[in-house]
Amino acid sequence: MRHTTKQPRANRTITIDFQNEATYLQLLGDRKAFLECVLAFLLSIGFQLAHKATCRGGGCLTRHSHYVRVRLGGLTIWRLQCTTCHAVFTVLPHFVLRYRSMRPEVARNALLATHGGLSLERCAVIGHISPMALYRLICAFGHQSLVVVLTRCGLPLPIYILADEKHSRCLTAKVYLPTIASGRVLWHLGYTEDASAAAFTQSYQAFQRAALDQEPAYRVRGVLIDGFDSTTNSMRTLFPGARLGFCLRHALLKLPKKLVAISSPVRQSLRTKFHALLSRVRQRKSLRVFALGQRLRHFVDHVTATAGPANGARVRRWFQDKKTGWYAVLEDPQMPATSTLLDQAHNALERKLFMMKGFHHPQGSQQAFLTGLAHLYNLVPYQRRAQHAGQCGVEVEGGTVPTRDWFLNVQILTSGGFR
Ligand SMILES: [Zn+2]
């Protein structure tokens, strides 16, 4: 089963907002005005064109550019060429999707429904398109990497990350989606059929490569994980100097499972105590590791006294196993303490993947499809009653998007013609 991202061809398509179709058609007859409109839009979004590596002809097209007109499905499309490096840029007006006859408003509604968790089949009904057309559209956006799109939005590469795998199924096989999040954006959403450290390393390495491409000196300072061996090992391999912390919320959820054969009020009261212990230590300004060590020892004594020596011993062994990861979280005040935001992202993706036959298509490109879904996750604004109403994840994290139209943003940011 093919699941690697196809190498994108040297795609220099740029999407330009001409406001409305009539304006575009009018500009087609006036090459000077057309070029001015393109340049003005590029200036407004602050993007530079991707010339060939050897080009020193400045970041933008000059008036000396050549023009070629080609026809796509009855519509005239301009191509602009750099006179220095001869790179050719295809100028797509905002109302045309690359290689697709689907109208943007149809695509927009279907994608929004997809993002909301409606199955591909149902989403396709909304716009009278085929589920496969919608699947391919998401894959097309997914050929641009998350790192490229997020840095285009001005987000710095994440110094502290959350890393975890979503377990899913592809037909009958178990598959894993190695994920890297920072705050409310996904920086990596991979796909592997194997739960080994080698497979996870290979997937997470795609993120590392893309990040180093952007910034050769990029280093991760801290990673929060849930303690799964393959994840731990792959993070040690890729980010050798990084602090590896274990999620404190997972610790809280795990505790009741360590307490066997006791009444549920006793179990509940121990959980409450453990919760108070962790949050009090987190509130401290100094000596947090020392405080945690001391409190964990007292807590084990308390478990032994109230739930018996067998439970006490089990909790002690568990603490021995995990405390280094918890210390790592407390040692650095900038380390994220819980992986809640990553869990939320995984839950949102679960709703989509569960019903999507397209995901299980034998000829499908799972990696591109997942990356496409991740772009939607990062760029679709939250609904109007949400905490961050009207903003998308990228904006919540301090990034900027080129326009106020999320779908146009997806088109512009995933296009290949920008540096
Ligand atoms: Zn050039």
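All values reported here derive from a predicted model rather than from experimental measurement.

Engineer: Give me the lowdown on the layout of surface pockets, citing residues and values where you can.
Structural biologist: By volume, the second largest pocket amounts to about 330 Å³. In this structure, the second largest pocket is lined by 15 residues; those nearest its centre are His115, Tyr377, Pro381, Tyr382 and Gln383. With four residues, the single largest contributor to the lining of the second largest pocket is helix 13 (residues 340-355). Classifying every residue of the lining of the second largest pocket by side-chain character gives six nonpolar, six polar and three charged.

Engineer: Quick rundown of the environment of His275? Include the residues and the values.
Structural biologist: As for its placement among the helices and strands, His275 is situated in helix 10 (residues 264-283). On the basis of relative accessible area, His275 is assigned to the partly exposed category, the value being 43%. C-alpha of His275 to C-alpha of Arg249: the two residues are 26 residues apart in sequence and 8.9 Å apart in space.

Engineer: Can you explain the packing of helix 11 (residues 288-307) against helix 12 (residues 309-331)? Please cite residues and give values.
Structural biologist: Across the interface, helix 11 lies against helix 12 with an axial gap of 9 Å and an inter-helix angle of 165 degrees. Classified by the interaxial angle, the pair formed by helix 11 and helix 12 is roughly antiparallel. Crossing handedness for the pair helix 11 and helix 12: right-handed. Side by side, helix 11 and helix 12 meet where Arg288, Val289, Leu292, Gly293, Leu296, Phe299, Val300, Asp301, Val303, Thr304 and Ala307 of the first sit next to Pro309, Asn311, Gly312, Val315, Arg316, Phe319, Lys323, Trp326, Tyr327, Val329, Leu330 and Glu331 of the second. Tallied by class, the residues present in the contact of helix 11 with helix 12 amount to 14 nonpolar, four polar and five charged.

Engineer: Which residues make up the confidence of the model for the protein, and what are the values?
Structural biologist: When the pLDDT values of the protein are averaged, the result is 87; 90% of them are 70 or greater. Counted against residues more than four places away or in other chains, residues 1-8, with its pLDDT under 50, gives 22 contacts.

Engineer: I'd like a description of the nonpolar core, backed by residues and values.
Structural biologist: Nonpolar side chains in soluble globular proteins tend to be buried together. Among the nonpolar cores identified, the biggest contains 132 residues, and Phe274 and Trp326 are the most heavily contacted of them. For this core, the leading source of residues is helix 14 (residues 366-379), giving eight residues. Residues in contact with Phe274, not counting those within four places in the same chain, are Ala251, Leu252, Leu255, Leu296, Phe299, Trp318, Phe319 and Trp326.

Engineer: A description of the packing of helix 3 (residues 104-115) against helix 5 (residues 131-141) should follow, citing residues and the corresponding values.
Structural biologist: Running from N to C, helix 3 and helix 5 point in directions that differ by 85 degrees, and their axes come no closer than 11 Å. Classified by the interaxial angle, the pair formed by helix 3 and helix 5 is roughly perpendicular. Counting all contacts with helix 3, which are made through Ala107, Ala110, Leu111 and Thr114, the residues of helix 5 involved are Leu134, Leu137, Ile138 and Phe141. Along the lines of polarity and charge, the residues of the contact of helix 3 with helix 5 split into seven nonpolar, one polar and no charged.

Engineer: I'd like a description of the sheet that holds strand 6 (residues 173-182), backed by residues and values.
Structural biologist: Spatial ordering of the open sheet is given by 7-6-5-8-9, a layout of five strands whose pairing is mixed. Here the strands that pair on one side only, and so sit at the sheet edges, are strand 7 (185-189) and strand 9 (243-246). Direction aside, the axes of adjacent strands within the sheet are offset by 30 degrees on average. Here four bridges tie strand 6 to strand 7, and the two strands are oriented antiparallel to one another. Residue pairing in the sheet places Ile180 in a bridge with His188 of strand 7. On the sheet, helix 12 packs against strand 8 (222-225) and strand 9 and is oriented at approximately 115 degrees with respect to strand 9.

Calculation notes
- Residues numbered from 1 in each chain as written.
- Predicted model: local features only at pLDDT ≥ 70, side-chain atom pairs only at ≥ 80, totals over all residues.
- Heavy atoms only, no water.
- 1 Å grid on protein atoms, 1.4 Å probe; cavity = no way out; pocket = protein on both sides within 12 Å on 5 of 7 lines; lining within 4 Å.
- Points joined across faces, edges and corners; volume = space filled by probe spheres on them.
- Helix = DSSP H or I, 4+ residues; strand = E, 2+ residues; numbered from the N terminus.
- Nonpolar A, V, L, I, M, F, W, Y, C, P; charged D, E, K, R; others polar.
- Buried < 20%, exposed > 50% of the residue type's maximum accessible area, 1.4 Å probe, protein only.
- Axes fitted to C-alpha atoms, helices over the stretch in contact; angles between N-to-C directions.
- Parallel < 35°, antiparallel > 145°, perpendicular 65-115°, else oblique.
- Left-handed = near helix turned anticlockwise from the far one by under 90°.
- Contact = heavy atoms within 4.5 Å.
- pLDDT = per-residue confidence, 0-100.
- Core = buried A, V, L, I, M, F, W, Y, C linked by side-chain atoms within 4.5 Å.
- Pairing = 2+ DSSP bridges.

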